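# Observations on chain architecture
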Amino acid sequence: QVQLVESGGGLVQAGGSLRLSCAASGRTFSSYAMGWFRQAPGKEREFVVAISATGWSTNSADSVKGRFTISRDNAKNTVYLQMNSLKPEDTAVYYCAAGSYGSSRLSYTYWGQGTQVSVSS
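These figures come from a predicted structure and were not determined experimentally.

## Side note on the packing of aromatic side chains
Applying the stated criterion to the full structure yields 5 aromatic pairs. Considering the side-chain rings of Phe-37 and Phe-47, the 5.7 Å spacing of their centres and the 75 degrees angle between planes classify their relative orientation as edge-to-face. With Phe-37 in strand β4 (residues 33–39) and Phe-47 in strand β5 (residues 46–51), the pair connects residues that are 10 residues apart, well separated along the chain. By relative accessible area, which is 1% here, Phe-37 ends up buried. Connected via pairs of aromatic rings, a cluster forms that spans Phe-37, Phe-47, Tyr-108 and Trp-111. Of note, Arg-45 hangs over the ring of Tyr-95, and the distance from its end group to the ring centre comes to 3.7 Å.

Here it is in structure tokens:
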């Protein structure tokens, strides 16, 4: 059983920045790839960015490329999502997930509860 807890969401104006954190339980964090997904009202949960277990590989959706950066600190069992140049269309509940490295929901086994990010214009 792995528990993931996101934090750092909030309300920000367009062009602003937020950093989300996801803290994982246990000492097996380094065995998992980590991903961030988001879900806006009425839409499917979509891939945002992922990082391999080692942290050496990352992949991001075209919609956030160049603006969002994922990183991890295995010593702290924590993954981060740095979000810059935020746009209103980034508004969503953001979820972190642990599993196999990929861009599909099906790649991930464990999910956090989500944290709300709202971007105003």
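## Concerning the pattern of salt bridges
One pass over the structure, following the stated rule, counts 3 salt bridges. The salt bridge partner of Arg-38 is Asp-90, with a shortest N-O separation of 2.9 Å. With Arg-38 in strand β4 and Asp-90 in the loop between β8 (78–83) and β9 (92–99), this pair connects stretches of sequence that are 52 residues apart. Take Arg-38 and Asp-90: they sit in the same class, and that class is buried. Two residues, Asp-90 and Arg-67, come together in a salt bridge whose shortest N-O distance is 2.8 Å. Here the residue Asp-90 occupies a position in the loop between β8 and β9, and Arg-67 occupies one in the loop between β6 (58–60) and β7 (68–73), the gap between them amounting to 23 residues. Neither residue differs from the other here; Asp-90 and Arg-67 are each classed as buried. Connected through salt bridges with shared partners, the residues Arg-38, Glu-46, Arg-67 and Asp-90 form a single ionic network.

## Remarks on unusual backbone geometry
With glycine set apart, most residues show a phi of negative sign, and most peptide bonds adopt trans. Of note, the phi angle at Asn-77 is positive, near 55 degrees, even though the residue is not glycine. By the element assignment, Asn-77 lies in the loop between β7 and β8.

## Some points on the sheet that holds strand β1 (residues 4–7)
Strand order in the open sheet formed by 4 strands is β1-β3-β8-β7, and the pairing between neighbours is antiparallel. Lying at the two open borders of the sheet, with one neighbouring strand each, are β1 and β7. When the angles between neighbouring strand axes are averaged without regard to direction, this sheet yields 15 degrees. As paired elements, strand β3 (residues 18–24) and β8 share 6 bridges and run antiparallel to each other. What sits directly across from Ala-23, in β8, is Thr-78.

## Observations regarding empty space enclosed by the protein
What the rule picks out here adds up to 1 cavity of 30 Å³ or more. Quantified by volume, the largest cavity comes out at close to 30 Å³. Lining the largest cavity are Val-2, Ala-24, Ser-25, Thr-28, Phe-29, Tyr-32, Met-34 and Ala-98.

What counts and what doesn't
- By convention here, each chain's residues receive numbers from 1 onward along its written sequence.
- The model is predicted, so local features are restricted to residues of pLDDT at least 70 and side-chain atom pairs to those at 80 or more, both for listing and for counting; the totals for chains, interfaces and linings are taken over all residues.
- For the side-chain quantities, the full set of heavy atoms in the structure was used; hydrogens and water were omitted.
- Centres within 6.5 Å are what make two rings of Phe, Tyr or Trp a pair, Trp counting through its six-membered ring; a difference in plane orientation under 30 degrees is then read as stacked, over 60 as edge-to-face, and the rest as tilted.
- Under the scheme used here, helices are H or I runs from DSSP no shorter than 4 residues and strands are E runs no shorter than 2 residues, and both carry numbers assigned from the N terminus.
- The buried label goes to any residue with under 20% of its type's maximum accessible area, the exposed label to any with over 50%, and the partly exposed label to all in between, with areas taken from a 1.4 Å probe on protein chains only.
- Two conditions define a charge located above a ring, namely a distance within 6 Å from the ring centre to NZ of Lys or CZ of Arg, and an angle within 35 degrees of the ring normal.
- Salt bridges are defined by distance alone: a side-chain nitrogen of Lys or Arg within 4 Å of a carboxyl oxygen of Asp or Glu.
- When DSSP finds two or more bridges between a pair of strands, those strands are recorded as paired.
- To get an axis, fit a line to the C-alpha atoms, keeping to the stretch in contact for a helix; angles then go from 0 to 180 degrees between the N-to-C directions.
- Any residue with an atom within 4 Å of a point lines the site, the site being either a cavity, points on a 1 Å grid over the protein atoms alone where a 1.4 Å probe fits but cannot get out, or a pocket, an open set with protein on both sides within 12 Å along at least 5 of 7 lines.
- Grid points are joined across faces, edges and corners, and a volume is the space filled by probe spheres set on the points.

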